[in-house]
Amino acid sequence: MILVMLPVFFIFSQLRIQDYLATQSQVAASATSNAAEIISRFIAEKQRLVHVFAHEHIDLLGRIKQHPNNEQLIKQLNDKTRLFFPEHFAVTLADTRGDLILDDFDGFIGEICRADLHEYVKHDQLRARIHPNPFAYHFDVAAEWTANDNQGFILISFRPQTLTRILDATRPEQQKFYLIIKDQDYLIESSNLGDRGKLLDQGNLHLTAEEQQQIIAELPVANSYWHIVALPDRNSLGIVKNKIYMQTTLVAGLFVAVVLVLWLPLHRHEKQKREMAQALQEKNSILELENDLALNVYDRITRNNNESISGLKVHTDSMSTFSGDLMLSYGRDENRFYFLLGDFTGHGLGAALGAIPLADVFFSKAKQQAGIEDLVRSCNEKLLEVLPTERFCCALIIVCDRAAQTTYLCNAGLPEAKIIDDKGQIKGRCRSSMPPLGSLRIPSVDFEQIDTLPGDAIIGYTDGITETRAPNNEMFGERGVIEAINKAAGRRVFESILEAVDTFSGNTRQRDDVSLFQLSCCRLDEH
């Protein structure tokens, strides 16, 4: 019996190793997807900010093109760039042919930089990659600018240390992440240990053939030449194998010692133990799959159906994966659009489930161009039908007709919304005049109709804003919101409220989901 069982222990250890490797592959696939998404968004955000920077300083760029040797203008550009992008490395200007106007590299601009510049001029697209340079390795982000008859391009260069931090923060333990260019013989651009400049010191700039065979996950990064690849850490794998073998040897030794007198009870115990471990693992796997499925369905029905509305700013901060706060927007017609801010009772998945039927009714009625009374009544009836009595939704529903400069608002249980003018001053309020949706049947819909002027906007928020607490347990309240609006510089009301809440709360633990929006009541070209 003992001789028969010893091979079983060995096989069991091999299965555990294979299970470990399979788990590492699954974890690597999820982690590389997360890292690729974060890096892609990071590059896209840099591109957006460079476009914003070029637009805001278009006159200065035009003057530099006309007077490229004017040191005062160049200093102004450097100062403004440093203020806007504290982490930037260099700034370069070029004309519409790709010829340099301003070279911040003192003549050391490389061939890759020049090639990427001409690619952007030709295709209006600049995919990110690392550029070697005597001063520092970097990647470029470009934007086109037009000032009267002057046109050109601006390239802002950034050091790649942020990429290294992203790779290190997203990689699982016992794995290594690399950012590579496959078309260049698996050239390593960055890794969780450092960028190419650091790797150059180690004399290892390409994945070896052996390392290529060890890749357990791989994904391309949008807006770049890069792929993210994951490799197992050899040292960690060896430690895990040794640990598994040691545990197996120990169990086998104990088995040999005990089997002579307690073979049958031990056999039953081990069988039950394996069954319980397998059942627990299967249960955990099912729970994870169900959670992922629920999140996917929630996103598809709520967030992914949202349509962009010009002049809308939003901020959400949930306490968990699922948020009890909900924002829905439908703006296929830019002159007439629909918006809903909701706050379900509770937190997490239980609160978020109510968003699914509410989103279904909202988008259905919005597509039918329904009036606000029909929309509110339909949402209330649907939630009464599907939600238990202890669940309901405080909501602010807005139907805006920008062409007629008329906006309809219905506040059902949320803090009062503020209507601000083009100077950022409060000109009106929309207080709650109805019970929350899904709590009671309503004989009539109570709403407000306001006439809006160019520059008017609506500020709305959930009680997560007003009930934010300071370290001394004081609540932010409506007074905090109004003070933040009054202190805002011009149209920076949205930002002022967020900054005030963040300052007020300090390091206090978040107690509720937080949502805030600012919605322009007219088309952006009207003011």
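Preceding this section is the structure that the text describes.
Residues numbered from 1 in each chain as written. Predicted model: local features only at pLDDT ≥ 70, side-chain atom pairs only at ≥ 80, totals over all residues. Heavy atoms only, no water.

Caption draft 1: Main features of unusual backbone geometry. At glutamine 369, a residue that is not glycine, the phi angle is positive and equals roughly 60°. The residue glutamine 369 is located in the loop between α10 (355-367) and α11 (372-386) in this model. You can call glutamine 369 partly exposed: its relative accessible area is 35%. We note that asparagine 473 has phi near 75°; this positive angle belongs to a residue other than glycine. (Helix = DSSP H or I, 4+ residues; strand = E, 2+ residues; numbered from the N terminus. Buried < 20%, exposed > 50% of the residue type's maximum accessible area, 1.4 Å probe, protein only.)

Caption draft 2: Fine view of helix α3 (residues 71-84). For α3, built from 14 residues, the straight-helix expectation of 20 Å at 1.5 Å per residue is met to within 8% by its first-to-last C-alpha distance of 20 Å. Listed in full, the buried residues belonging to α3 are Leu73, Ile74, Leu77, Asn78 and Thr81. Along the axis of α3, the buried positions cluster into a sector of 140°, meaning they face one direction only. In α3, those exposed residues whose orientation departs by more than 90 degrees from the buried face are Glu71, Gln72, Lys75 and Leu83. (Expected span 1.5 Å × (residues − 1). Arc of directions from axis to C-beta.)

Caption draft 3: A look at the pairing of strand β18 (residues 457-461). With five of five residues buried, β18 is to be regarded as a mostly interior element. In β18, alternate side chains face the same way, and those of Ala457, Ile459 and Tyr461 on one face and Ile458 and Gly460 on the other are all buried. Note that strand β15 (residues 417-420) and β18 share three bridges and pair antiparallel. Looking at β18, one finds that isoleucine 419 is bridged to isoleucine 458. (Pairing = 2+ DSSP bridges.)

Caption draft 4: Broad picture of the nonpolar core. Within the largest apolar cluster, 44 residues are counted, with the highest numbers of intra-cluster contacts made by Ile39, Leu93, Ile154, Trp226 and Ile228. By residue number, the principal contributor to this core is helix α1 (residues 2-56), which donates ten residues. Among all residues touching isoleucine 228, those that are not within four sequence positions of it are Thr32, Ala35, Ala36, Ile39, Leu167, Phe177, Tyr178, Leu179, Ala217, Glu218, Leu219 and Val221. (Core = buried A, V, L, I, M, F, W, Y, C linked by side-chain atoms within 4.5 Å. Contact = heavy atoms within 4.5 Å.)

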